[in-house]
Amino acid sequence: MSQETCTLATKLIRGMGSSFKSCNCARQSRCPHPYAIRYRDASGRQREETGYSTQQGALDRLTEIYSEKRNTPRPQAELKRELGKQRFGEYASTWLTRQRHYTDGSNRTVNQLLQSQILPALESRRINTFTSTVVEDFIMAMEEGNVGLATQQNAFDTLKKILLDARRKGAIPEDPFEGVIPPEYIPRQVTIPTLDEIHASKVRRPTHSVCSSTSCPAVATATGGVCREHQQDGRR
């Protein structure tokens, strides 16, 4: 922790982390600014959280995180670390292989979305670095690229399934979709007429008959079965 930030830190048990304020107030213990905490997650990556109104609230959160790490079996913690270090492209590939309930068509659709929209932007990113900011940047990149709303929504849904799978396995410590507004595709509404409306339209439709003249290809009106052209010839 640097001297420049003038932080007020409270050290806990070794490995728990610390709580602090990063404001420049002379009496930080009485100023209204929120507390923040700094700790290392199960993958060993340093994390910070802020927004705690009291020092006790910040300490309670550190205690919760520390207890969770202590109660996690070592092999499980190692697995979480290894998954968190994976690149997104590698994780997405193994995730798709595990979706045995997908039909061939679903596999093709997901593969197309991965290749055209998701992997070009996120393939090399490590799983444990995904945050809500990363997801929001991905959505904005699609918007700036004039990607259709339907494709945006499908790509977002696919990314969400993959990252939430990683979140459940402990590879991502925080929910990367918290506070994220997803793209929303609203399909155009199609009105299906009722049987009564279909019958009514048939009644209102004008009837036509074929001209009685075998040499005339024109369509006649319902006035006697003779086209207007031949009616005019008859009046001449």
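Visitor: Explain the nonpolar core here, please?
Guide: Grouped burial of nonpolar side chains is what soluble globular proteins tend to show. Counting 31 residues, the largest nonpolar core has Phe88, Leu114, Ile118, Leu122, Ile127, Phe130 and Leu163 as its most contacted members. Contributions of two or more residues to this core are made by helix 3 (88-98), helix 4 (104-122), helix 5 (132-144) and helix 6 (149-168). Apart from the residues within four sequence positions on either side, phenylalanine 130 is in contact with Phe88, Leu122, Arg125, Leu163, Ile172 and Pro176. Core analysis: the next-biggest nonpolar cluster, separate from the first, contains seven residues, Ile37, Tyr39, Ala58 and Ile65 among them.

Visitor: Where do I start with unusual backbone geometry in this structure?
Guide: Backbone geometry at asparagine 146 places phi at a positive 55 degrees, although glycine is not the residue there. With respect to the helices and strands, the residue asparagine 146 is situated in the loop between helix 5 and helix 6.

Visitor: For this particular structure, what's the right way to read helix 4?
Guide: Note on helix geometry: an α-helix contains 3.6 residues per turn, so any two residues three or four positions apart are oriented the same way. Along helix 4, the largest kink reaches about 45 degrees and is centred on leucine 114. Residues of helix 4 that are buried: Val110, Leu113, Leu114, Gln117, Ile118, Leu119 and Leu122. Where helix 4 is buried, its residues touch helix 3, helix 5 and helix 6.

Visitor: Please explain the side chain of glutamine 86 as it appears in this structure.
Guide: Along the chain, glutamine 86 turns up in the loop between helix 2 (74-85) and helix 3. Those residues within four positions of glutamine 86 in sequence are excluded, and the remaining contacts are Tyr91, Arg125, Arg126 and Ile127.

Visitor: Help me understand the packing of aromatic side chains in this model?
Guide: Taken as a whole and judged by the stated rule, the model has three aromatic pairs. On the numbers, 6.2 Å between centres and 85 degrees between planes, the contact of tryptophan 95 with tyrosine 102 is edge-to-face. Accessibility classification places tryptophan 95 together with tyrosine 102 in one group, the buried group. In this structure, arginine 125 is placed above the aromatic ring of phenylalanine 130, and the distance from its NZ or CZ to the ring centre is 6.0 Å. When the ring centre of phenylalanine 177 is taken as reference, the NZ or CZ atom of lysine 160 above it lies at 5.7 Å.

Visitor: Is there a simple way to explain the pairing of strand 3 (residues 35-40) in this structure?
Guide: Within strand 3, five of the six residues are buried, leaving the element largely enclosed by the surrounding structure. Here three bridges tie strand 2 (residues 18-21) to strand 3, and the two strands are oriented antiparallel to one another. Directly across from serine 19, in strand 3, lies its bridge partner isoleucine 37. With six bridges connecting them, strand 3 and strand 4 (residues 46-52) associate as antiparallel partners. Following the sheet pairing, arginine 40 is matched in strand 4 by glutamine 46.

Visitor: Sorry if this is basic, but what is going on with the packing of helix 5 against helix 6 here?
Guide: Each pair of packed helices can be described by the angle between their axes along with the distance between the axes. At a closest axis distance of 11 Å, the pairing of helix 5 and helix 6 adopts a crossing angle of 160 degrees. By the angle class used here, helix 5 and helix 6 are roughly antiparallel. For the element pair helix 5 and helix 6, the recorded crossing hand is right-handed. In contact with Val135, Phe138, Ile139, Met142 and Glu143 of helix 5, helix 6 contributes Gln152, Ala155, Phe156, Leu159 and Leu163.

Visitor: Would you take a moment to explain the pattern of salt bridges for this structure?
Guide: Once their charged atoms are close, side chains differing in charge can pair, the charge on each being opposite to the other. Scanning all chains against the criterion turns up eight salt bridges. Here glutamate 48 ties to arginine 38 by a salt bridge, and the two come within 2.6 Å at their closest N and O atoms. Residue glutamate 48 is found in strand 4, and its partner arginine 38 is found in strand 3; the two are separated by 10 residues along the sequence. Two residues, arginine 61 and glutamate 49, come together in a salt bridge whose shortest N-O distance is 3.1 Å. Separated by 12 residues along the polypeptide, arginine 61 in helix 1 (residues 55-70) and glutamate 49 in strand 4 bring together distant segments of the chain. For the pair arginine 61 and glutamate 49, one class covers both residues: buried. One continuous salt-bridge network, built from bridges that share partners, spans Glu49, Arg61, Glu64 and Glu174.

Thresholds applied
- Residues numbered from 1 in each chain as written.
- Predicted model: local features only at pLDDT ≥ 70, side-chain atom pairs only at ≥ 80, totals over all residues.
- Heavy atoms only, no water.
- Core = buried A, V, L, I, M, F, W, Y, C linked by side-chain atoms within 4.5 Å.
- Buried < 20%, exposed > 50% of the residue type's maximum accessible area, 1.4 Å probe, protein only.
- Helix = DSSP H or I, 4+ residues; strand = E, 2+ residues; numbered from the N terminus.
- Contact = heavy atoms within 4.5 Å.
- Bend = angle between axes of the 7 residues up to and from the residue.
- Phe/Tyr/Trp six-rings, centres within 6.5 Å; stacked < 30°, edge-to-face > 60°.
- Lys NZ or Arg CZ within 6 Å of the ring centre and 35° of its normal.
- Pairing = 2+ DSSP bridges.
- Axes fitted to C-alpha atoms, helices over the stretch in contact; angles between N-to-C directions.
- Parallel < 35°, antiparallel > 145°, perpendicular 65-115°, else oblique.
- Left-handed = near helix turned anticlockwise from the far one by under 90°.
- Salt bridge = Lys/Arg side-chain N within 4 Å of Asp/Glu carboxyl O.

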